[in-house]
Amino acid sequence: MQKYYYIYTYGCQMNVHESEKIAGMLEDRGYIRTDEVEKADIIVFNTCCIRESAEQKIMGNIGAVKPIKKVKKDLIVAVCGCMSQQADMASILRKKFPFIDIVFGANNVEFFGEYLDEFLKQKKFCNKVIQDKNYMESATKMHFVRDNSLYAYVNIMYGCNNFCTYCIVPYVRGREISRAPKTIYREVKNLIDMGYKVITLLGQNVNSYGRDGSTGGVTFPKLLDNIANLQGDFELRFMTSHPKDLSDELIEVMAKNPKISKTLHLPVQAGSNKILKAMNRSYDRESYLNLIRKIKEAMPDITLSTDIIVGFPGETEEDYLLTEQLVKEVQYHNAFIFMYSRRRGTIADKLENQVPISIKRERIHRLLAIEHEISTKLFEKMIGSTQRVLIDGENNLFYLAKAQCGKVVKIAKSTVTKLNIGKFIDCEITDYKNGNLIGRTK
Ligand code: SF4
């Protein structure tokens, strides 16, 4: 009888990509994806623990499976990812939800297939959380079920050594470990041969790729340069970059290579040196702005995006205003702005000078309004420019494309004969409306 699977994915691109691996292992075992959770024979929760509110939502969703499991006794429930990686979480989860069958962590996703086989044989709760990730190469042999046939993620490293005081990632994902360059080249080459057009290299801090000494001296700029020199019609992106590790060499490689997107996500988090220090970000406002200046000099058309936290413990009105000023100075096309939220197990959670929620709300609204005005002006400035875009969809009225900065570009079908999905074209931007660019073919 046909078996079905359903995966809940929470959190960042790393998790999205790990769910693609999980789907591959399930399809290798004959399962088919379903969009109806009630129809599933196995439900996997690939979790995130970056915010406590996310954790509560996940707990609620796991709890909602109980009535399904009551009716469908053979349903298998697995929980994995960052939340389950935390110390003692496997037993907490099992106690709260005795119907969970398998728990494994973010460090050993690649072995899920084996855990499932073991559970099916023994029908006994499987707790497979391991603390250290000490293997790498298996990922290249994995079968991924990617949601999209044009855009693909490739992990180049795992973990993080930075210990920003608000972040739980280094505690759950462990220290940085880089994949061997040759396995990354092979994986990217396969993707290009399969017709993928936009390859995004992933890591918590891609700029420190190779610093664990495992890549034979290949640094991130070198890796990027080598990949960009592979044959084929594709575009290369990467995330996330830590400002303290972004080198002049990387700027040079980005600037000279047309296959590397002229777009950069560079989280600043705050504009006040006092707050940056309290966050343990290891750079200051001046060095960040200096970096931005060098990037803009080398690539005048670059589109920049960032992450910002408002209301970090101890943030005064003056500190907040420094963030506002920095946002105005840098001119980001996009900013992901969050209110600081406490996270158990982090240093910032223990700080006493927490900012009241009403002030956090007021600051986020002010900053969002400023950023909205800036980004609208920047996108309006693109009107009249020519952008290389990837046609990636269509509806009745429009061909849909993506610019390098990730913005949707709509091209009216009435203005062209036919455009092929999966092709890069040069497109003239004619308008900016409702958050989308409007274009026409050149
Ligand atoms: S760089 Fe900082 S924010 Fe990013 S994953 Fe590492 S500790 Fe977390």
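A short tour of the structure in this document, coming up. (Residues numbered from 1 in each chain as written. Predicted model: local features only at pLDDT ≥ 70, side-chain atom pairs only at ≥ 80, totals over all residues.)

## Quick look at the site of the ligand
Test applied: Put plainly, near means the residue's C-beta atom, positioned from the backbone, lies within 6 Å of the molecule or strand in question. Under the convention adopted here, Pro, Cys and the residues Ala, Val, Leu, Ile, Met, Phe, Trp and Tyr are nonpolar, Asp, Glu, Lys and Arg are charged, and Gly plus all remaining residues are polar.
All residues adjacent to the ligand are C160, N162, F163, C164, C167, V169, P170, Q204, N205 and H242. Here the residues of the shell around the ligand sort into 6 nonpolar, 4 polar and no charged.

## Examining helix α1 (residues 13-28)
Under the convention used in this document: A run of H or I in DSSP counts as a helix once it spans at least four residues, and a run of E counts as a strand once it spans at least two, with each numbered from the N terminus. One less than the number of residues in a helix, times 1.5 Å, gives the span that helix is expected to have. Neighbour density around each residue's C-beta defines its exposure: 20 or more other C-beta atoms within 10 Å make it buried, 12 or fewer make it exposed, and counts between make it partly exposed, where C-beta atoms are placed from the backbone. Contact between two residues is assigned whenever their backbone-derived C-beta positions fall within 7 Å.
For α1, spanning 16 residues, the distance from its first C-alpha to its last is 23 Å, which sits close to the expected 22 Å at 1.5 Å a residue. Among all positions of α1, only M14, H17, E18, S19, E20, K21, I22, A23, M25 and L26 are buried. Its buried side turned inward, α1 meets β1 (3-9), β2 (31-33), β3 (42-47), α6 (112-122), β7 (151-155) and β10 (198-202). G30, located one to two residues past α1, shows a positive phi value of around 90°.

## Comments concerning unusual backbone geometry
In this structure, the amide linkage connecting M239 to the following residue, T240, adopts the cis form with an omega of 5°. Looking at where T240 falls in the secondary structure, it is placed in the loop between β11 (235-239) and α10 (248-256). Positive phi, close to 50°, is recorded for K123, a residue that is not glycine. Secondary-structure assignment places K123 in the loop between α6 and β6 (126-128). Owing to 11 C-beta atoms within 10 Å, K123 belongs among the exposed residues under this scheme.

## Things to note about helix α8 (residues 181-193)
Convention followed: When we speak of the arc, we mean the arc of directions from the helix axis to the C-beta atoms.
Taking 1.5 Å as the rise per residue, α8 with 13 residues should run 18 Å; its terminal C-alpha atoms sit 18 Å apart, in good agreement. Looking at α8, one finds that the buried residues are P181, I184, E187, V188 and L191. Around the axis of α8, the buried residues are gathered within 130° of arc, so they sit on the same side. Looking at α8, the residues exposed on the side facing more than 90 degrees away from the buried face are R186 and D193. Those residues of α8 hidden inside the fold are in contact with β7, β10 and α9 (220-228).

## Notes on the sheet that holds strand β13 (residues 303-310)
For the record, the criterion: One bridge is not enough; two strands pair if DSSP finds at least two bridges between them. All axes are obtained by fitting lines to C-alpha atoms, using only the stretch in contact for helices, and the reported angles, taken between N-to-C directions, cover 0 to 180 degrees.
Strand order in the open sheet formed by 3 strands is β12-β13-β14, and the pairing between neighbours is parallel. With partners counted over all chains shown, the strands left at the sheet margins are β12 (263-265) and β14 (334-339), one partner each. For this sheet the average axis-to-axis angle between neighbouring strands, irrespective of direction, equals 10°. Bridge analysis of β13 against β14 gives 6 bridges, and the strand direction is parallel. Residue pairing in the sheet places D307 in a bridge with F336 of β14. Along the sheet face, helix α14 (residues 357-381) touches β13 and β14 and points at about 175° away from the line of β14.

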